[in-house]
Amino acid sequence: IKWIHLPGSGVEKYSNYLKYNKIKFTNGKGIQNHQISDHAIGLLLSITRKININIKYDQKYKFDKRPIELNEKTAVIVGYGGNGKLIAQKLLAFNMKIKVVNDTKKITPKKVKFFQTKNIKKAVKNADVLFIATPLTKYTKEIIDSKVIKLMNKGSIIINVSRPGCLNLKDLIFFLKNKHLGGAGLDVVEGEPLKQNHTLLKFDNVVVTPHTGGISDNFYIRSLKLILENIKLFLNSKSLNNMVDKKKGY
């Protein structure tokens, strides 16, 4: 075997295979960016506009407070790869103040402020929304925990469309219970699929989707195009697209 293509963007489940240095690995990063960023915005709007509560209780629900507008709110995006860049691009349309956190320096639009991962606490201070869009590696495991969450504004919201392991679930539940957090939108959760009596499902301000962020009407078309292009490159002894960096873990 000379080359293995991993269908998804995450590669943490294949760590036992990545140790084979002579084998090239590619993955599906990039083909899910559009739909995952759409999903992230959808989760946020479901919470801020109280859409999830309207669906659950119909029009009989008495609002405890008015829906929240995103204008001038501060959003922090942890991970500025393909997903993070598109999330930032879409948030600009809502006139939000945007900060991004990434392990390596990336060029950002003028209205987007960059922070390196080591300065994540500085970035999240007074944040209203936090998006998790970083790959899961040994460096990003539980990168969002109590030390980070407590720095966010009271009533802030966490959105995770990356990997469950990037977020400390116990800490998230703790800050939801004490009402420091105003809500959470999760497409990925430890132990998924969740049982009906799971603590997270008891919160009205939490939206959980069954890991469907990467699915769309164009996903299989993009996936097929990527694989066919790489087969051509491989047969011609050329560099493959979406090579996995074994040292970085993505």
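Refer to the structure above for everything that follows.
Along each chain, the written sequence defines residue order, and numbers are assigned to residues from 1. Local features in this predicted model are restricted to residues whose pLDDT is 70 or higher, and side-chain atom pairs enter the listing and the counts only when it is 80 or higher, whereas totals over whole chains, interfaces and linings include all residues. Values shown for side chains rest on all heavy atoms present in the structure; no hydrogens or waters enter the calculation.

Peer 1: Looking at this model, I keep getting lost on the overall build of the protein chain. Mind explaining?
Peer 2: Looking only at helices and strands, the protein chain has eight helices and nine strands in total. Rg of the C-alpha trace for the protein chain: 19 Å, near the compact-globule value of 18 Å for 250 residues, within the 12% margin. The principal-axis extent of the C-alpha atoms belonging to the protein chain is close to 65 × 35 × 30 Å. Looking at the protein chain residue by residue over its 250 residues, the buried ones come to 46%. Long-range pairs, those at least 24 residues apart, make up 61% of the contacts in the protein chain with a sequence separation of at least 6. We treat Lys and Arg as the positive residues and Asp and Glu as the negative residues; His and chain ends play no part in the count. For this purpose, a charge sits on NZ of Lys, CZ of Arg, CG of Asp or CD of Glu. Treating the 45 positive side-chain charges of the protein chain as one cloud and the 18 negative ones as another, the clouds have centres 6 Å apart. Where helices and strands are cited, they refer to DSSP runs of H or I of at least four residues and of E of at least two residues respectively, numbered from the N terminus. Radius of gyration means the value over C-alpha atoms here, while the globule rule gives 2.2 Å times the residue count to the 0.38 power. Each residue is assigned to one of three classes by its accessible area relative to the maximum for its type, calculated with a 1.4 Å probe on protein chains only: buried under 20%, partly exposed between the two thresholds, exposed over 50%. Working rule for contacts: check all heavy atoms of both residues, and any pair within 4.5 Å makes them a contact.

Peer 1: Would you take a moment to explain the packing of aromatic side chains for this structure?
Peer 2: In this description, an aromatic ring pair is defined by two values, namely the gap between the centres and the angle between the planes. Geometry of aromatic contacts follows a simple scheme: Phe, Tyr and Trp rings, the Trp one being its six-membered ring, pair when their centres are within 6.5 Å, and the pair is stacked under 30 degrees between planes, edge-to-face over 60, tilted otherwise. Within this structure, the stated rule accounts for three aromatic pairs. Summarising the aromatic geometry, the rings of Phe 219 and Tyr 220 are spaced 5.1 Å apart at their centres and angled 70° between planes, so their arrangement reads as edge-to-face. Here Phe 219 falls in the buried class, since its relative accessible area comes to 14%. Assessed through its relative accessible area of 64%, Tyr 220 is described here as exposed.

Peer 1: Is there a simple way to explain empty space enclosed by the protein in this structure?
Peer 2: The way it works is a 1 Å grid over only the protein atoms, where trapped points that fit a 1.4 Å probe form a cavity and open points with protein on both sides within 12 Å along at least five of seven lines form a pocket, and then any residue with an atom within 4 Å of a point lines it. Grid points are joined across faces, edges and corners, and a volume is the space filled by probe spheres set on the points. Counting across every chain of the model gives one cavity of 30 Å³ or more. Space inside the largest cavity adds up to approximately 40 Å³. Along the walls of the largest cavity sit Asn 160, Pro 164, Leu 167, Leu 169, Leu 186, Val 188, Val 189 and Glu 190, which together make up its complete lining. In the lining of the largest cavity, the residues fall into six nonpolar, one polar and one charged. In the scheme used here, Gly and all other residues not listed as nonpolar or charged are polar, with Ala, Val, Leu, Ile, Met, Phe, Trp, Tyr, Cys and Pro taken as nonpolar and Asp, Glu, Lys and Arg as charged.

Peer 1: What is the right way to read the nonpolar core from this model?
Peer 2: General note: in soluble globular proteins, nonpolar side chains tend to be found buried as a group. Counting residues in each nonpolar core, the largest one holds 32 residues, and the members touching the most others are Val 78, Leu 130, Ile 144, Ile 158, Leu 172 and Leu 200. For this core, the secondary structure elements donating two or more residues are strand S3 (74-78), helix H5 (120-124), strand S6 (129-132), helix H6 (146-149), helix H7 (169-177) and strand S8 (181-186). Tallying contributions element by element places H7 first for this core, with five residues. Those residues in contact with Ile 158, other than ones at most four positions away along the chain, are Leu 130, Ile 132, Ile 144, Ile 149, Met 152, Leu 172, Leu 181, Gly 183, Ala 184 and Gly 185. Membership of the second largest hydrophobic core comes to 25 residues, among which are Leu 44, Ile 98, Val 100 and Ala 133. Only buried residues count toward a nonpolar core, which is a set of Ala, Val, Leu, Ile, Met, Phe, Trp, Tyr and Cys residues joined through side-chain atoms within 4.5 Å.

Peer 1: Sorry, what's going on with the pattern of salt bridges here?
Peer 2: Oppositely charged side chains can pair when the atoms bearing their charge come close. Salt bridges, as used here, are contacts in which a Lys or Arg side-chain nitrogen is within 4 Å of a carboxyl oxygen on Asp or Glu. Within the structure shown, the criterion is met by four salt bridges. Across the pair Lys 56 and Asp 204 runs a salt bridge, and its minimum N-O distance is 3.0 Å. Of this pair, Lys 56 sits in helix H3 (residues 51-57) while Asp 204 sits in the loop between S8 and strand S9 (206-208), and the two are 148 residues apart along the sequence. By relative accessible area, which is 26% here, Asp 204 ends up partly exposed. Close ionic contact of Glu 72 with Lys 97 constitutes a salt bridge, the shortest N to O distance being 3.8 Å. Of this pair, Glu 72 sits in the loop between H3 and S3 while Lys 97 is found in strand S4 (residues 97-102), placing the two residues 25 residues apart along the sequence. Relative accessible area serves as the criterion here: at 44%, Glu 72 is assigned to the partly exposed category. Overall, Lys 97 belongs to the partly exposed group, its relative accessible area being 45%.

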